[in-house]
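Listed here are the chains, written in short residue letters.
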Amino acid sequence: MLDVDRLTTVIEDFNTIFIRLPSVRRLNFSALSVLHTLHRRGPLRLTDLLATEQLKQPALTSLIAKLEQDGLVQRRPDPADGRASLLSLTHTGQELVRSRHTNRVAKLTALVEQLTPDERAVLAGSIDVLHRLTELAEDTP
């Protein structure tokens, strides 16, 4: 039987370790979340970004301004609506996200190498299930 409480705790603990991986720059969780969202989903309007981030509009607007100032995010007119802007990563922003991903891959590779072959097989079988849970979570309001 699946112990969902334990699963939740294990996922929380795993995420805590991965969030704390060193990065090239010191950015808070909200800034990193915005950068990763823009990397995964491509250019977005601020209102679309509000739906994915757990920030109120004034806080997100301020954060975007800081990320623009730092050269990580850029605005351009939305071709579908000239009154709106699309936010996207600059080259520097893309490199930062890629660097963090590379660091995570290296860290996880070192950890996975310490598992037994049976544990690695179980983990490999879990990838699709975890991906499906992520899809379900994204589809659930």
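Only a predicted model underlies this, so the values are computations on that prediction, with no experimental measurement involved. (Residues numbered from 1 in each chain as written. Predicted model: local features only at pLDDT ≥ 70, side-chain atom pairs only at ≥ 80, totals over all residues. Heavy atoms only, no water.)

Here we look at the overall build of the protein
Convention followed: Every helix listed is a DSSP run of H or I at least four residues long, and every strand listed is a run of E at least two residues long, numbered separately from the N terminus. Per-residue accessibility, obtained with a 1.4 Å probe over protein chains only, is compared with the maximum for each type, and a residue is labelled buried under 20%, exposed over 50%, and partly exposed between these values. A contact between two residues is defined here by any heavy atoms of the two lying within 4.5 Å.
Assigned secondary structure in the protein consists of six helices and two strands. When the elements of the protein are put in sequence order from the N terminus, they spell out α-α-α-α-β-β-α-α. The buried share of the protein, reckoned over its 141 residues, is 25%. The contacts in the protein between residues at least 6 apart in sequence include a share of 49% that link residues at least 24 apart.

So, the nonpolar core
Stated formally: Take the buried Ala, Val, Leu, Ile, Met, Phe, Trp, Tyr and Cys residues and link them wherever side-chain atoms come within 4.5 Å; each set so joined is a nonpolar core.
If you look at the biggest cluster of nonpolar residues, it comprises 19 residues, and the most contacted ones within it are V34, L35, L38, L49, I64, L67 and V73. Contributing elements (two or more residues each) for this core: α2 (29–41), α3 (46–52), α4 (57–69), β2 (81–89) and α5 (91–112). With five residues, the top contributor of residues to this core is α2. Residue contacts for L67: discarding those within four places in its chain leaves A31, V34, L35, L72 and V73.

A few points about the packing of α2 against α4
Counted only if it meets this: Angular values range over 0 to 180 degrees, each being the angle between N-to-C directions of two axes fitted as lines to C-alpha atoms, with helices fitted over their stretch in contact. Every angle not falling under 35 degrees, over 145, or within 65 to 115 is termed oblique; those three ranges are roughly parallel, roughly antiparallel and roughly perpendicular. When residue character is reported, Ala, Val, Leu, Ile, Met, Phe, Trp, Tyr, Cys and Pro are called nonpolar, Asp, Glu, Lys and Arg charged, and the others, Gly included, polar.
At a minimum axis separation of 11 Å, α2 and α4 run at an interaxial angle of 75°. In terms of axis orientation, α2 runs roughly perpendicular to α4. Contacts between α2 and α4 involve S30, A31, V34 and L35 from the former and L60, L63, I64 and L67 from the latter. Residue composition of the contact of α2 with α4, grouped by class: seven nonpolar, one polar and no charged.

Observations concerning the packing of α2 against α5
Two elements in contact, α2 and α5, have axes separated by 10 Å at closest approach and are oriented at 100°. Relative to α5, the element α2 lies roughly perpendicular. Contacts from L32, L35, H36 and H39 in α2 reach L96, V97, R98, R100 and R104 in α5. Taken together, the residues of the contact of α2 with α5 break down into four nonpolar, two polar and three charged.

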